[in-house]
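Commentary on secondary and tertiary structure
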Amino acid sequence: MTRTAIDTGAPTAAPPHRPRIQVRWGAFRDLLLVPPILLALVVGYFINTNFVSTANLTNVLSTMSGISLLVLAEVLVLVVGRMDLSLESTFGLATGVAIWVTMGTTKVGAFTWASPWMTIPVALLVGAAVGVANGLLIVRFGLNGFIVTLAMLIALRGLLTFLTSGFTLTKIPESVEWLGNARVLGLPVNVIIALALFVIGYLALNYTTAGRALYAVGGNEAAARAAGIRTDRVVIAVLVIAGVLAAIGGLIYSGQFASVQVSQGDGMIFNVFAACVIGGVSLNGGRGSVLGAFFGILILTLIQKLLSYGGVSADSLKFINGALILVALVITRIASGRRQE
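First things first, this report covers the structure right here in the doc. (Residues numbered from 1 in each chain as written. Predicted model: local features only at pLDDT ≥ 70, side-chain atom pairs only at ≥ 80, totals over all residues. Heavy atoms only, no water.)

What to know about the packing of helix 2 (residues 34–47) against helix 13 (residues 290–309)
Two quantities define a packed helix pair, namely the angle between the helix axes and the distance between the axes. Threshold: Between N-to-C directions, angles cover 0 to 180 degrees, with each direction set by a line fitted to C-alpha atoms, over the stretch in contact for helices. Secondary structure follows DSSP: runs of H or I at least 4 residues long count as helices, runs of E at least 2 residues long count as strands, and numbering of each begins at the N terminus. Each angle gets one of four labels, with under 35 degrees taken as roughly parallel, over 145 as roughly antiparallel, 65 to 115 as roughly perpendicular, and the rest as oblique. Left-handed describes a crossing in which the near helix is turned anticlockwise from the far one by less than a right angle; the clockwise case is right-handed. Whether two residues are in contact is decided by their heavy atoms: any pair within 4.5 Å suffices. As a working rule, the residues Ala, Val, Leu, Ile, Met, Phe, Trp, Tyr, Cys and Pro are called nonpolar, Asp, Glu, Lys and Arg charged, and the rest polar, with Gly in that last group.
It is at 10 Å that the axes of helix 2 and helix 13 come closest, and there the two elements cross at 15°. The angle between the axes of helix 2 and helix 13 places the two elements in the roughly parallel class. In this structure, the crossing between helix 2 and helix 13 has a hand that is left-handed. From helix 2, V34, P36, I37, A40, L41, V43, G44 and I47 reach across to helix 13, where they touch F295, L298, I299, L302, L306 and Y309. Partitioning the contact of helix 2 with helix 13 into residue classes produces 13 nonpolar, one polar and no charged.

Below, the structure written as structure tokens:
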């Protein structure tokens, strides 16, 4: 005998809805370099057990503190869809001008224009001035950003050579030496400053309206302008902030070595771009992470340390950096389905 269903008129209870767990690629993209970093630490441990000591890891963070701020600056510029090659020259010029003004040089002797306490403010102003100059030339005059910043890189390098007469500046004020060598609660001040600025950059890009504006401008500038974002101001502001960050990095670097070399920052831009690309920052704008870039410069610094511990020439790092960039580009292409141009 077949049973028939009796329609009672009551609605049939729907089965409980189970939310689908979606794994977002972006949530893990910033952590892709964590396994290589752990691998580098393991390899370093087998080469020399002191490699993973607290003292050595602190030294690694201190070593990368200056150039890491160049990386942070370049991340902001790349996210907004631009490129700044002049950061490495700002890295040297800002501190050089500040020392020239406050401490004197071989060229001007003991004559100075300002007190030593103004060294840091002057350096920051120089960094901001370079950013303003880049911004006006690129935005207001519509010049190609790559050419503008390349020309600025050469000009600023020449200006530093002129001011110092080609000599290394060794008369450094105490405030700069403090930035490079002092410790607070057992941690180097330069590490604290670098980490703090990276945290601020991460929070600003991911959780503020200004950060979203940067991604919008870098992703589609015309659409961002149509949405009411003042794109010109955003670009100029980012270039100014990048210049200031480069100046802070230069101050830290000069404090660590108690000098300002004529070649300070020379060639750093290659490592900066390597760290950005390895960290997943798009060269086309609109995509990138401060955290990923931080891991990028960290893995490069660890590799450099590994080479020195293993007795390998540091010149090999150039080949490794280039290879890592190519690998990172391939991985990014496969993962995103987009072409890097």
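There's plenty left to go through after this.
Regarding the packing of helix 3 (residues 54–79) against helix 11 (residues 231–257)
Closest axis-to-axis distance for the helix 3/helix 11 pair is 8 Å, and the angle between their directions is 170°. In this view, helix 3 runs roughly antiparallel relative to helix 11, as classed from their interaxial angle. For the pair helix 3 and helix 11, the contacting residues are S62, T63, S65, G66, L69, L70, L72, A73, L76 and V77 in the first and V238, L239, I241, A242, L245, A246, I248, G249, I252 and Q256 in the second.

Let's talk about the packing of aromatic side chains
Definition in use: Only Phe, Tyr and Trp rings are paired, with Trp represented by its six-membered ring, and only when their centres lie within 6.5 Å; those with planes under 30 degrees apart are stacked, over 60 edge-to-face, the remainder tilted.
Taken as a whole, this structure holds six aromatic pairs when the rule is applied. An angle of 80° between the planes, with centres 5.8 Å apart, marks the rings of Y45 and F46 as edge-to-face. A connected cluster of aromatic rings, assembled from ring pairs, spans F91, Y253 and F257.

What to know about the pattern of salt bridges
Condition: The salt bridge criterion pairs a side-chain nitrogen of Lys or Arg with a carboxyl oxygen of Asp or Glu, the two atoms within 4 Å. A 1.4 Å probe rolled over the protein chains alone gives each residue an accessible area, and that area as a share of the maximum for its type sets the label: buried under 20%, exposed over 50%, partly exposed in between.
Enumeration over the complete set of coordinates arrives at three salt bridges. Across the pair R82 and E221 runs a salt bridge, and its minimum N-O distance is 3.3 Å. Of this pair, R82 sits in the loop between helix 3 and helix 4 (87–102) while E221 sits in helix 10 (residues 221–226), and the two are 139 residues apart along the sequence. Across the pair E88 and R157 runs a salt bridge whose closest N-O atoms are separated by 3.6 Å. Placement of E88 in helix 4 and of R157 in helix 6 (residues 145–164) is noted, with a sequence separation of 69 residues between them. Note on accessibility: E88 and R157 belong to one class, buried. Where salt bridges share partners, they join R82, E221 and R225 into one cluster.

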